[in-house]
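The primary structure of each chain is shown beneath.
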Amino acid sequence: MAHPLAPVPDIGTTVTLRVATPVGPISVVGEVVEADAERWAVRRRDGSIALVEVSTIEARREVPPGRAATTTVVELEQVAAFGWRAQETVRLGEWLLRASGGFTQRANSVLAVGDPGVGLDAALDLATDWYAERGLTPVVMESAAAPAGLVARLRERGWSPGTDTYVMSGEVAHALRGMPDAVAAAVASGLELRLEDRPDEAWYAGYAESGRPLTEAGRAVVEGHPMAVFASFRDADRAVAVARAAVDARWTGLFAVTVAGHRRRGGLGAAITLAALKEAARRGGRHVYLQVEAHNEPAVALYRRLNLKVHHDYRYWASPK
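Rules and cut-offs
- Residues numbered from 1 in each chain as written.
- Predicted model: local features only at pLDDT ≥ 70, side-chain atom pairs only at ≥ 80, totals over all residues.
- Heavy atoms only, no water.
- Buried < 20%, exposed > 50% of the residue type's maximum accessible area, 1.4 Å probe, protein only.
- Helix = DSSP H or I, 4+ residues; strand = E, 2+ residues; numbered from the N terminus.
- Pairing = 2+ DSSP bridges.
- 1 Å grid on protein atoms, 1.4 Å probe; cavity = no way out; pocket = protein on both sides within 12 Å on 5 of 7 lines; lining within 4 Å.
- Points joined across faces, edges and corners; volume = space filled by probe spheres on them.
- Nonpolar A, V, L, I, M, F, W, Y, C, P; charged D, E, K, R; others polar.
- Axes fitted to C-alpha atoms, helices over the stretch in contact; angles between N-to-C directions.
- Arc of directions from axis to C-beta.
- Contact = heavy atoms within 4.5 Å.
- Polar contact = N/O pair within 3.5 Å; in protein donor to acceptor, adjacent residues only side chain to side chain.
- Salt bridge = Lys/Arg side-chain N within 4 Å of Asp/Glu carboxyl O.

**Q** Outline the pairing of strand 15 (residues 251-259), listing residues and values.
**A** The buried fraction of strand 15 is high, at eight of nine residues. Looking at chain direction, strand 14 (residues 238-248) and strand 15 are connected through seven bridges and run antiparallel. Within strand 15, the residue paired with alanine 241 across the bridge is valine 259. Hairpin geometry of strand 14 and strand 15 is characterised by an intervening segment of two residues between the two adjacent antiparallel strands and by a positive phi of about 50° at alanine 249. Strand direction decides the pairing type here: strand 15 and strand 16 (residues 287-293), joined by four bridges, are parallel. When the sheet's bridge partners are listed, tryptophan 251 is paired in strand 16 with histidine 287.

**Q** Go over the layout of surface pockets, please, and point to the residues and values.
**A** Computed from the structure, the largest pocket encloses a volume of approximately 1,400 Å³. Forming the boundary of the largest pocket are 41 residues, of which Arg212, Val257, Gln291, Val292 and Asn296 lie nearest the centre. For the lining of the largest pocket, the secondary structure elements donating two or more residues are strand 15, helix 9 (268-282), strand 16, helix 10 (297-305) and strand 17 (309-318). Partitioned by chemical class, the residues of the lining of the largest pocket number 20 nonpolar, 14 polar and seven charged. The space that makes up the second largest pocket amounts to roughly 470 Å³. Elements that contribute at least two residues to the lining of the second largest pocket include exactly helix 1 (67-70), strand 11 (165-171) and strand 17. Per-class residue counts for the lining of the second largest pocket are seven nonpolar, nine polar and six charged.

**Q** Which residues make up the environment of phenylalanine 233, and what are the values?
**A** Within the secondary structure layout, phenylalanine 233 lies in strand 13 (residues 228-235). Sequence spacing of phenylalanine 233 and leucine 195 is 38 residues, and the spatial spacing of their C-alpha atoms is 9.1 Å.

**Q** Any chance you could break down the sheet that holds strand 3 (residues 39-43) for me, citing the residues and the numbers?
**A** Spatial strand order, 4-3-2-1-5: five strands in an open sheet with antiparallel pairing. The open sheet has two edge strands with one neighbour each: strand 4 (49-53) and strand 5 (57-63). Averaged over all adjacent pairs, the angle separating strand axes in this sheet is 40°, with direction ignored. In this structure, strand 1 (residues 14-19) lies alongside strand 2 (residues 26-35), joined through six bridges in antiparallel fashion. What sits directly across from leucine 17, in strand 2, is valine 28.

**Q** Break down the pairing of strand 6 (residues 88-92) for me, citing the residues and quoting the values.
**A** On a regular strand, each side chain points to the face opposite its neighbour's, so the side chains alternate between the two faces of the sheet. In terms of strand pairing, strand 6 meets strand 7 (residues 95-99) through five bridges, oriented antiparallel. Of the residues in strand 7, the one forming a bridge with valine 90 is leucine 97. Hairpin connection, strand 6 to strand 7: the antiparallel pair is bridged by two residues, and glycine 93 has positive phi, about 65°.

**Q** Could you give an account of helix 8 (residues 216-223), with specific residues and numbers?
**A** Among the residues of helix 8, Ala217, Gly218, Val221 and Val222 are the ones counted as buried. Viewed along the axis of helix 8, the buried residues span an arc of 135°, placing them on a single side of the element. Buried residues along helix 8 sit against helix 7 (201-207), strand 13 and strand 14.

**Q** Describe the side chain of arginine 43, naming the residues involved and giving the relevant values.
**A** Residue position: arginine 43 is located in strand 3. In this structure arginine 43 comes out as buried when scored by relative accessible area, which is 18%. Polar contacts involving the side chain of arginine 43 include one to the side chain of asparagine 307, which spans 3.4 Å. In contact with arginine 43, not counting residues within four places along its chain, are Val29, Gly30, Glu31, Val33, Ser48, Ile49, Arg304, Arg305 and Asn307.

**Q** Now, about the pattern of salt bridges: what can you tell me, with residues and values included?
**A** Tallying each qualifying case throughout the model produces 27 salt bridges. We note a salt bridge from arginine 85 to aspartate 248, for which the minimum N-O separation is 2.9 Å. Placement of the pair is arginine 85 in the loop between helix 2 (73-83) and strand 6 and aspartate 248 in strand 14, with a sequence separation of 163 residues. On the accessibility criterion, arginine 85 (25% relative accessible area) is partly exposed. Using a relative accessible area of 13% as the deciding quantity, one classes aspartate 248 as buried. With a shortest N-O distance of 2.9 Å, arginine 283 and glutamate 279 are connected by a salt bridge.

Written out as structure tokens, the structure is:
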């Protein structure tokens, strides 16, 4: 029988517990990852697991989800559109057409959330013509906020879906507690941390490790935000890890996290992420979002360790050539 103060919680619930111990009560705060009538496993913000015997729980409180979890798909995608700003944007009803000379799909696609103000076929025709005028392949970003019937229309027209991508979100304060020693460890290894308002050529060289060709349009997108920080770890003159964080209305968008090939799997991904988030917090960022391809399991696992969760997913649909 469950303890009267501690009915078995749902997995994923965040709880604050007062737990009796031989030396007095302690607090355990975190996410329930396993639970039955006898014992709960609670993952703290720092990643450690506390095993709590239900019989020792003196008080409990469920912590309501924060803004990062409760925001809608539409709201978060609209914020993300500000975080990675296209050179050219046009509204089509509630849809947003974005073009940036072909640099990244996010900055060269239709954000198809809500009602385009016309029928779906007419909307897709208008979007196709708009991209054709700019010499670009029409691409539509489809998520849970897309209007009903969009996917069926895209399939009928022969459009092809791309890789599923996760949008992960969380609270910046919780992320900073996930791996609290990562930045200090990187600095102790001899690397120099730089936090700058504009990227220099070494930062761009580090970003080029991602494999994305960098054009003038690309530089305009990367730099086209009034509240962005460009973080890097330098080994002499070389940036061996880079990230970009942009703050909009208390949201921090994390972009361009890249680690040099020969320095991967050594903790620099976590360190550069946390360095950028800490500076973004100083500039007012309270919540964080990022995009990561669903099949990139190491990156997804890292962001989970930083207390981020999958908020929703999306995929790009490209029209036939």
